[in-house]
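Summary of the model geometry
Listed below, chain by chain, are the residues.
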Amino acid sequence: MWGPEGLDEVEAELLGPPEELKGKDVLEIGAGAAQCSRWLLAQGARPVALDLSHRQLQHALRIGGSFPLVCADASALPFADASFDLVCAAYGVMPFVADPLLVLREVRRVLRPGGRFVFSTTHPIRWAFPDEPGPEGLTVSASYFDRTPYVEQADDGSAVYVEHHRTLGDRVRDIVAADLRLVDLVEPEWPSWNTAEWGGWSPLRGNLIPGTTIFVCERDR
């Protein structure tokens, strides 16, 4: 799944037709418990799941799957140049780094020419609205252009969660600056079958404003 709307890669084929994934070397960054890597393995791909959080990778290890788990920073990938055919991130890494260009340049480096990077993030327009699933979440309350990060703090004042805002234009410029080519920008519509409410996600909001953006990028040379 690329996001809370429920867009499935089997349906979307943003990484390519599932039957063509067999034998491909795929890196999942910000893998968490490696759900995407587990699906890729089932398609016959050779995934590697990378995350900065050792605890998340422990969850992945408990769930199981015969593929490598790597604890590392996505802005300094521990792989040789041109190691992968595909790189993917479903709500991983990109919303949580202050300088996403560092990650994009590293992704380009480890991709083979003709390789593809697909990543999903919260749709930038959501930053202008309260994170509420009901009607109160449909009224603009902040500037879309305010790039102040969202920070949650512990009692001692230390940051325990940080999410960074990039406008749609920021994301496109970062991709271009990393010498990647944007080939598609997907804004999944909320499907009629999805009745779930989770955090600020709901059918009410999903039917009116986009919640997710998916960027499909390629390395040409």
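Structure: see above.
A few points on the structure. Residue indices follow the written sequence of each chain, beginning from 1 at its first position. Side-chain atom pairs in this predicted model are given and counted only at pLDDT of 80 or more, local residue features only at pLDDT of at least 70, and totals for whole chains, interfaces and linings cover all residues. Hydrogens are left out, water is left out, and the side-chain values use all remaining heavy atoms of the structure.

With respect to the overall build of the protein
Numbered from the N terminus, helices here are DSSP runs of H or I no shorter than four residues, and strands are runs of E no shorter than two. Helix and strand content of the protein: six helices and nine strands. Seen through its principal axes, the protein has C-alpha atoms that stretch 45 × 40 × 40 Å. We call a residue buried when its accessible area falls under 20% of the maximum for its residue type, exposed when it is over 50%, and partly exposed in between, using a 1.4 Å probe and counting protein chains only. Within the protein, the fraction of its 221 residues that count as buried is 46%. The contact criterion used is simple: two residues touch if any of their non-hydrogen atoms lie within 4.5 Å. Long-range pairs, those at least 24 residues apart, make up 66% of the contacts in the protein with a sequence separation of at least 6. The accessible surface values rely on the Shrake-Rupley method and a 1.4 Å probe; as for residues, cover is taken only from the protein chains in view. With the model as given, the accessible surface of the protein reaches about 10900 Å², and the carbon-plus-sulfur share is 54%. Mean positive and mean negative side-chain charge positions of the protein (20 and 32 charges, respectively) differ by 7 Å. Neither His nor the chain termini are counted; the positive set is Lys and Arg, and the negative set is Asp and Glu. For this purpose, a charge sits on NZ of Lys, CZ of Arg, CG of Asp or CD of Glu.

Things to note about the environment of Leu138
Counting through the fold element by element, Leu138 comes out in the loop between strand E5 (111-122) and strand E6 (150-153). The spatial distance from the C-alpha of Leu138 to the C-alpha of Gly64 is 40 Å, given a sequence separation of 74 residues. Filtering out sequence-adjacent residues up to four positions away, Leu138 remains in contact with Phe129, Leu204, Arg205 and Leu208.

Some thoughts on the pattern of salt bridges
What makes a salt bridge here is a side-chain nitrogen of Lys or Arg within 4 Å of a carboxyl oxygen of Asp or Glu, nothing more. One pass over the structure, following the stated rule, counts 14 salt bridges. Among the ionic contacts, a cluster of salt bridges with common partners joins Asp25, Arg46, Asp85 and Arg112.

Side note on the pairing of strand E2 (residues 46-51)
Among the six residues in E2, five count as buried, and that is most of the element. For two strands to count as paired, DSSP must find a minimum of two bridges between them. As paired strands, strand E1 (residues 25-29) and E2 are joined by five bridges and run parallel to one another. Bridge pairing in E2 links Glu28 to Ala49. With helix H2 (residues 35-42) bridging E1 and the parallel E2, this β-α-β connection has right-handed handedness. By the bridge criterion, three bridges tie E2 to strand E3 (residues 69-71) in an arrangement that is parallel. Bridge pairing links Asp51 to Cys71 in E3. The parallel pair E2 and E3 is bridged by helix H3 (residues 54-63), and the resulting crossover is right-handed. By convention a crossover is right-handed if, when the strands point away from the viewer, the path from the first strand over the helix to the second runs clockwise.

A word on the sheet that holds E5
One open sheet holds the seven strands; their spatial order is E3-E2-E1-E4-E5-E9-E8, and the pairing between them is mixed. Looking at strand neighbours, the two that pair on one side only are E3 and strand E8 (181-186), the edges of this open sheet. Shown here is a sheet whose adjacent strand axes are inclined to one another by a mean of 20°, direction ignored. A fitted line through C-alpha atoms serves as each axis, taken over the contacting stretch for helices, and the angle formed by two N-to-C directions is quoted from 0 to 180°. Strands in contact with H2 are E1, E2 and strand E4 (84-90); relative to E2, the strand with the most contacts, it is inclined by about 175°. Those strands touched by helix H4 (residues 100-110) are E1, E4 and E5, and its axis lies near 145° from that of E5.

Topic: unusual backbone geometry
Although it is not a glycine, Ala82 sits at a positive phi angle of roughly 55°. You can see Ala82 is positioned in the loop between E3 and E4. A positive phi angle, near 60°, is found at Tyr91, a position not held by glycine.

Quick word on the packing of aromatic side chains
Whether two aromatic rings pair depends on their centres lying within 6.5 Å, for rings of Phe, Tyr and Trp, where Trp uses its six-membered ring; planes under 30 degrees apart make the pair stacked, over 60 edge-to-face, and the rest tilted. Going through the model one piece at a time under the given rule, you end up with seven aromatic pairs. Between Tyr91 and Trp201 the ring centres are 6.5 Å apart and the planes differ by 75°, which places this aromatic pair in the edge-to-face class. Placement of Tyr91 in the loop between E4 and H4 and of Trp201 in the loop between E8 and helix H6 (203-206) is noted, with a sequence separation of 110 residues between them. A residue is classified by how much of its surface remains accessible, and Tyr91, at 21% relative accessible area, is partly exposed. Between Phe96 and Tyr161, the ring centres sit 5.9 Å apart and the planes meet at 75°, which makes this aromatic pair edge-to-face. Remark: Tyr161 occurs in strand E7 (residues 159-163) and Phe96 occurs in the loop between E4 and H4; sequence separation between them is 65 residues. Under the relative-accessibility criterion, Phe96 is labelled partly exposed at 36%. Connected via pairs of aromatic rings, a cluster forms that spans Phe96, Tyr150 and Tyr161. Either the NZ atom of lysine or the CZ atom of arginine qualifies as a charge over a ring when it sits within 6 Å of the ring centre and within 35 degrees of the ring normal. Across the ring face of Trp201, the terminal group of Arg126 is positioned such that the distance to the ring centre comes to 4.4 Å.

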